[in-house]
Amino acid sequence: TAETIVLNLLVDEKESLLNNVDFLKKAHQKYLSNPLARHALLLNGPAFGRIFDSSDPETIRLFSELSVKCSSLIACRLSPIQKSQITELIKKRFKKVVLAIGDGGNDVGMIQTANVGVGITGLEGMQAAQSADFTISKFRFLVRLLLVHGSWSLHRMVESFCRSEERRVGKECL
């Protein structure tokens, strides 16, 4: 059976950067060696600052590789700029498709930087919903958006491609 492991990068002001580097190295060796396990990475503002404000490229490399190997990255208590920097890092360095989900004005930069942005309307206002590619009213509707509408979209694209190829082949035969 697959297990879910949450790799916790929450840091308080008293921890040193060396602890983060050691943790990142141990996480690579210990947790990511199990291909059946699913991993989620939890990151807060001070940890982000310790990782990205360091002049050590090894720390940034370890963090970015770790975040790509995890199935999800949960960023809490980050500034809007920090959220968009993480999104940009994963998008550019690994050429991955990034889905960003946000519910407030502080998530707008992240949603706009991502390949696909989902805004949730709610108590924090409409800024995230207005800047997103897709808008949902509750977080629980995300499953339906991804699985049902995503599947329908894939079928429509495949059908459109097949029809255009049929037309192209038909013109070549004439």
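The following refers to the structure shown. Keep in mind it's a predicted model, so treat the numbers as computed, not measured.

## Side note on the pattern of salt bridges
Considering all chains together, one arrives at 5 salt bridges under this definition. Of the charged contacts in the structure, one is a salt bridge between Arg 61 and Glu 58, with a shortest N-O distance of 2.6 Å. Remark: Glu 58 and Arg 61 occur in helix H3 (residues 57-69); sequence separation between them is 3 residues, near one turn of the helix. As a salt-bridge pair, Lys 83 and Asp 107 come within 2.5 Å of each other at their nearest N and O atoms. Of this pair, Lys 83 sits in helix H4 (residues 80-94) while Asp 107 sits in the loop between strand E4 (99-102) and helix H5 (108-113), and the two are 24 residues apart along the sequence. Both residues of the pair, Lys 83 and Asp 107, belong to the buried class. When salt bridges that share partners are traced, they join Glu 58, Arg 61 and Glu 65 into one network.

## Topic: the sheet that holds strand E6 (residues 134-136)
The parallel open sheet is built from 3 strands, whose spatial order is E4-E5-E6. Across the chains shown, the open sheet's two edge strands, defined by having one partner strand only, are E4 and E6. Neighbour to neighbour, the strand axes of the sheet diverge by 20° on average, direction disregarded. Pairing of strand E5 (residues 116-120) with E6, which is carried by 3 bridges, proceeds in the parallel orientation. Following the sheet pairing, Ile 120 is matched in E6 by Ile 136.

## Things to note about unusual backbone geometry
Phi at Arg 77 is positive, roughly 60°, even though this residue is not glycine. Relative to the helices and strands, Arg 77 resides in the loop between strand E3 (72-76) and H4. Located in the positive-phi region is Lys 95, a residue other than glycine, with phi close to 55°. Position of Lys 95 among the secondary structure elements: in the loop between H4 and E4. The class of Lys 95 is exposed, set by a relative accessible area of 71%.

Calculation notes
- Residues numbered from 1 in each chain as written.
- Predicted model: local features only at pLDDT ≥ 70, side-chain atom pairs only at ≥ 80, totals over all residues.
- Heavy atoms only, no water.
- Salt bridge = Lys/Arg side-chain N within 4 Å of Asp/Glu carboxyl O.
- Helix = DSSP H or I, 4+ residues; strand = E, 2+ residues; numbered from the N terminus.
- Buried < 20%, exposed > 50% of the residue type's maximum accessible area, 1.4 Å probe, protein only.
- Pairing = 2+ DSSP bridges.
- Axes fitted to C-alpha atoms, helices over the stretch in contact; angles between N-to-C directions.

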